[in-house]
Amino acid sequence: MKLIEYPDRELLFLSLANDIAAQLADAVRQHGRASFSVPGGTTPGPVFDTLSGTELPWDQIAVFLNDERWVSEDSPRSNTRLLRERLLRGPAHRAHLVPLYAPAEAPEEMLEALSDGIRPHLPISVLLLGMGADMHTASLFPGADRLAQALAPDAPVLMALRAEAAGEPRITLTARVLCDAMNIHILITGAEKRAALERARHLSAEQAPIRAVLDNATVHWAE
């Protein structure tokens, strides 16, 4: 794990956005295309704001979420909605959004179809993850109903998980897909999450799911 500490959040967000843009551009130069997997929530919003105005070959970049709540896009809890509002605008509106939600009662009904959409864009060129104070990442929550399977080396691309802390049912990329990413960034802010990160380093992935991706990740932190 590589840890970068920034003097303030503004510098963190700008520096991280620049790193991601450079890695996406490099992937397109090398392979003719790139994929960018991103978290939901409000923390990465300033990174998305910067990236949305950055001139990149966005028409050759596929964007998809790490995970999604099983709610329609008109819900205020939709990560897809947030992604459209903060990242997929300006020059970045040309990016190809790969969905992680489709209309159905339960995520299990759409797992195979959504997985088929993700597979052509693997391995992920640039992966940006967040982490909760409970040490979850994506929708890999401690205590989730099928966490052990989602952490397994032979896990499928996507899984539906349910956890008390998650609220709605979730669909998530599994640890295998996250770990295979070419560039892994973890964005955290505040003393509570920094302390949680330090705890995670000494726990198992079932206790602290972020542990599954830490070894090859760059963690970006500011108070």
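Residues numbered from 1 in each chain as written. Predicted model: local features only at pLDDT ≥ 70, side-chain atom pairs only at ≥ 80, totals over all residues. Heavy atoms only, no water.

1. Structural notes on the overall build of the protein
Item 1. On a plain count of helices and strands, the protein comes out with 8 helices and 10 strands.
Item 2. By the compact-globule yardstick of 17 Å for 223 residues, the protein fits well, its C-alpha radius of gyration being 16 Å.
Item 3. Seen through its principal axes, the protein has C-alpha atoms that stretch 40 × 40 × 35 Å.
Item 4. Counting only residues that meet the buried cut, the protein has 53% of its 223 residues in that class.
Item 5. Total accessible area computed for the protein in this model is approximately 9,600 Å², and 50% of it derives from carbon and sulfur atoms. (Helix = DSSP H or I, 4+ residues; strand = E, 2+ residues; numbered from the N terminus. Rg over C-alpha atoms; globule rule 2.2 N^0.38 Å. Buried < 20%, exposed > 50% of the residue type's maximum accessible area, 1.4 Å probe, protein only. Areas by Shrake-Rupley, 256 points an atom, 1.4 Å probe, with all protein chains shown as cover.)

2. Some remarks on the side chain of Thr 172
Item 1. For Thr 172, the location among the structural elements is in strand β8 (residues 170–173).
Item 2. Among the polar contacts made by the side chain of Thr 172, one reaches the main-chain amide nitrogen of Ser 139 at a distance of 3.2 Å.
Item 3. Those residues in contact with Thr 172 that sit more than four places away from it in its chain are Asn 66, Asp 67, Ala 138, Ser 139, Leu 140, Val 157, Leu 158, Met 159 and Leu 161. (Polar contact = N/O pair within 3.5 Å; in protein donor to acceptor, adjacent residues only side chain to side chain. Contact = heavy atoms within 4.5 Å.)

3. Description of the pairing of strand β6 (residues 126–129)
Item 1. Residues of β6 alternate between two faces, with Val 126 and Leu 128 on one and Leu 127 and Leu 129 on the opposite face, all of them buried.
Item 2. Strand direction decides the pairing type here: strand β2 (residues 34–38) and β6, joined by 2 bridges, are parallel. Pairing of Ser 37 across the sheet is with Leu 127, part of β6.
Item 3. Pairing analysis gives 4 bridges linking β6 to strand β9 (residues 183–189), with the strands arranged parallel. What sits directly across from Val 126, in β9, is Asn 183. (Pairing = 2+ DSSP bridges.)

4. Brief notes about the sheet that holds strand β7 (residues 158–161)
Item 1. The 3 strands lie next to each other as β4-β8-β7, forming an open sheet whose pairing is antiparallel. Either end of the sheet is taken by a strand with one partner, and the two such strands are β4 (67–69) and β7. In this sheet, adjacent strand axes meet at a mean angle of 20 degrees when their direction is disregarded.
Item 2. Bridge count between β7 and β8: 4 bridges; the pairing is antiparallel. (Axes fitted to C-alpha atoms, helices over the stretch in contact; angles between N-to-C directions.)

5. A short note on the UniProt feature "domain: Glucosamine/galactosamine-6-phosphate isomerase" (unreviewed entry) in the protein
Item 1. As annotated in UniProt, the feature "domain: Glucosamine/galactosamine-6-phosphate isomerase" (unreviewed entry) corresponds to residues 8–221 in the numbering used here.
Item 2. Here residues 8–221 runs as 33% helix and 18% strand, with 9 Å between its end C-alpha atoms. (UniProt positions renumbered as here; feature names shortened; annotations may be inferred.)

6. Description of helix α2 (residues 45–52)
Item 1. If you check which residues of α2 are buried, you get Gly 45, Val 47, Phe 48, Leu 51 and Ser 52. Along the axis of α2, the buried positions cluster into a sector of 155 degrees, meaning they face one direction only.
Item 2. Its buried side turned inward, α2 meets α1 (9–31), β2, α3 (79–86), β6 and β9. (Arc of directions from axis to C-beta.)

7. A closer look at the packing of α1 against α2
Item 1. Between α1 and α2, the shortest axis-to-axis distance is 9 Å and the interhelical angle comes to 50 degrees. By the angle class used here, α1 and α2 are oblique. The way α1 lies across α2 gives a crossing that is right-handed. Here Phe 13, Leu 14, Leu 16, Ala 17, Ile 20 and Ala 21 of α1 lie close against α2, whose contacting residues are Pro 46, Val 47, Thr 50 and Leu 51.
Item 2. Across the contact of α1 with α2, the residue classes break down as 9 nonpolar, 1 polar and no charged. (Parallel < 35°, antiparallel > 145°, perpendicular 65-115°, else oblique. Left-handed = near helix turned anticlockwise from the far one by under 90°. Nonpolar A, V, L, I, M, F, W, Y, C, P; charged D, E, K, R; others polar.)

8. A look at the environment of Ala 22
Item 1. Locating Ala 22 in the fold gives a position in helix α1.
Item 2. Assessed through its relative accessible area of 46%, Ala 22 is described here as partly exposed.
Item 3. Between the C-alpha atom of Ala 22 and that of Leu 56, which follows or precedes it by 34 residues, the distance is 9.1 Å.

9. Some thoughts on helix α7 (residues 191–200)
Item 1. Among the residues of α7, Arg 194, Ala 196, Leu 197 and Ala 200 are the ones counted as buried. Looking straight down α7, one finds that the buried residues subtend no more than 160 degrees of arc, so they occupy a single side.
Item 2. Contacts from the buried residues of α7 go to β1 (2–5), β9, α8 (211–214) and β10 (217–222).

10. So, the sheet that holds β2
Item 1. The parallel open sheet is built from 7 strands, whose spatial order is β1-β10-β9-β6-β2-β3-β5. Both outer strands of the open sheet, β1 and β5 (96–97), are each paired with one neighbouring strand and no more.
Item 2. On top of the sheet, α1 reaches β2, β3 (61–65), β6, β9 and β10; it is set at about 165 degrees to β9, its chief contact.

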